[in-house]
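These are the residues of each chain, in order.
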Amino acid sequence: MTVPIKDERSALRRVAGSTAGRSAIVVAVFIAALWGIEVVDAVAGNSLDQWGIHPRVGSDAVRGIAAAPLLHGGWEHLAANSVPALILGFLGLIAGAGRFLLATAIIWLVSGVGVWLTGGTNTVVIGLSGVLFGWMTYLALRGLFTRKPLDIIVGVTLMVLYGGMLWGVLPGQPGVSWQAHLWGAVGGVLAAVLLGRRARTESGPGNSREVGAIAS
């Protein structure tokens, strides 16, 4: 009797080529990049942290808005953001990478500009948490606009499991930028409204194309 040899490399290629596989790879690479940046920052004596957002300081404002979510105030800060980034990033990508990247751009910009306008004087704001709050509100609310059952289920599940994190938009914890959380959440709501309605329109009768989906 002959037994077929399992081609493990083919199985891995099939997993990596699936929507879930590609989504997992993308979010893992992003988180790995964050850890790589923190390694460089540690070697440089944490000098990269000054590239964060300096509220209402005009010089290098654009650089701060662009760089702040990629920088963290130490390993504990980065570790605390990595797990929710992995979960929320994967859930966002698997439902449509193009749409999720557009949502991320909106959240990144709204959170950064909001922090620059309202953040504490003589502070430097860094960290991915503003984007995470935006991802949370975007994923929680997009089903209201796309009307897709999966989006609604994901939104309800996230609110049940992680809805408590939204209390972070209120001031209270020293050393934590509630402004970043608040404006990130606002950016997520804005992205859900804009992109959710667009997705519903483009996938309506006579148009079954999934906008921004990772199609195999």
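Position numbers for residues count from 1 along each chain, tracking the sequence in the order it is written. Two thresholds apply to this predicted model, a pLDDT of at least 70 for residue-level local features and 80 or more for giving and counting side-chain atom pairs, whereas whole-chain, interface and lining totals are computed over all residues. Here the side-chain values reflect all heavy atoms present in the structure, with hydrogen atoms and water set aside.

Enquirer: Before we move on, could you go through the pattern of salt bridges and cite the residues and values that matter?
Expert: For this analysis, a salt bridge means a side-chain nitrogen from Lys or Arg found within 4 Å of a carboxyl oxygen belonging to Asp or Glu. One pass over the structure, following the stated rule, counts 2 salt bridges. The partner of Asp60 in a salt bridge is Arg63, and the shortest N-O contact between them spans 3.4 Å. For Asp60, a relative accessible area of 47% corresponds to the partly exposed category. Residue Arg142 pairs with Asp151 through a salt bridge whose shortest N-O separation is 3.4 Å. Each residue gets one of three labels from its accessible area relative to the maximum for its type: buried under 20%, exposed over 50%, partly exposed in between, using a 1.4 Å probe on protein chains only.

Enquirer: Lay out unusual backbone geometry in plain terms, naming residues and giving numbers.
Expert: In the Ramachandran plot, Asn122 falls in the positive-phi region, its phi being about 60 degrees despite a non-glycine side chain. Strands here are runs of E lasting at least two residues and helices are runs of H or I lasting at least four, both read from the DSSP assignment and numbered beginning at the N terminus. Tracing the chain through its elements places Asn122 in the loop between helix H5 (97–118) and helix H6 (129–146). We classify Asn122 as exposed; its relative accessible area is 78%. A positive phi is found at Arg147, a non-glycine position, where the angle reads about 65 degrees.

Enquirer: Go over a nonpolar patch on the surface, please, and point to the residues and values.
Expert: Like charges are joined within 9 Å and nonpolar side chains (Val, Leu, Ile, Met, Phe, Trp, Tyr) within 5 Å, but only among residues with over 30% relative accessible area and no salt bridge; these make up the patches. Residue burial considers only the protein chains on display, and all accessible areas are found by Shrake-Rupley using a 1.4 Å probe. Judged by side-chain polarity, Ile152, Val156, Val160, Leu161 and Tyr162 come together as a nonpolar surface patch covering roughly 490 Å² of accessible area. Mapped onto the fold, Tyr162 is located in helix H7 (residues 149–162). Residue class for Tyr162 comes out partly exposed when judged on its relative accessible area of 36%.

Enquirer: Before we move on, could you go through the UniProt feature "transmembrane region" (unreviewed entry) in the protein chain and cite the residues and values that matter?
Expert: UniProt positions are given in the numbering used here, feature names are shortened, and annotations may be inferred rather than shown by experiment. The positions UniProt marks with the feature "transmembrane region" (unreviewed entry) are residues 20–37, 124–145, 152–170 and 176–195. Secondary structure across residues 124–145 divides into 77% helix and 0% strand, with the first and last C-alpha atoms of the span separated by 36 Å. Regarding residues 176–195, the helix share stands at 90% and the strand share at 0%, and the terminal C-alpha atoms are separated by 29 Å.

Enquirer: I'd like to hear about the environment of Ile31, residue by residue, with values.
Expert: For Ile31, the position within the fold is in helix H2 (residues 19–43). Spatially, the C-alpha atoms of Ile31 and Gly89 are 9.7 Å apart, while their sequence positions differ by 58 residues. The contact criterion used throughout is that any non-hydrogen atoms of two residues lie within 4.5 Å. Excluding residues within four positions of it along the chain, Ile31 makes contact with Ser82, Ala85 and Leu86.

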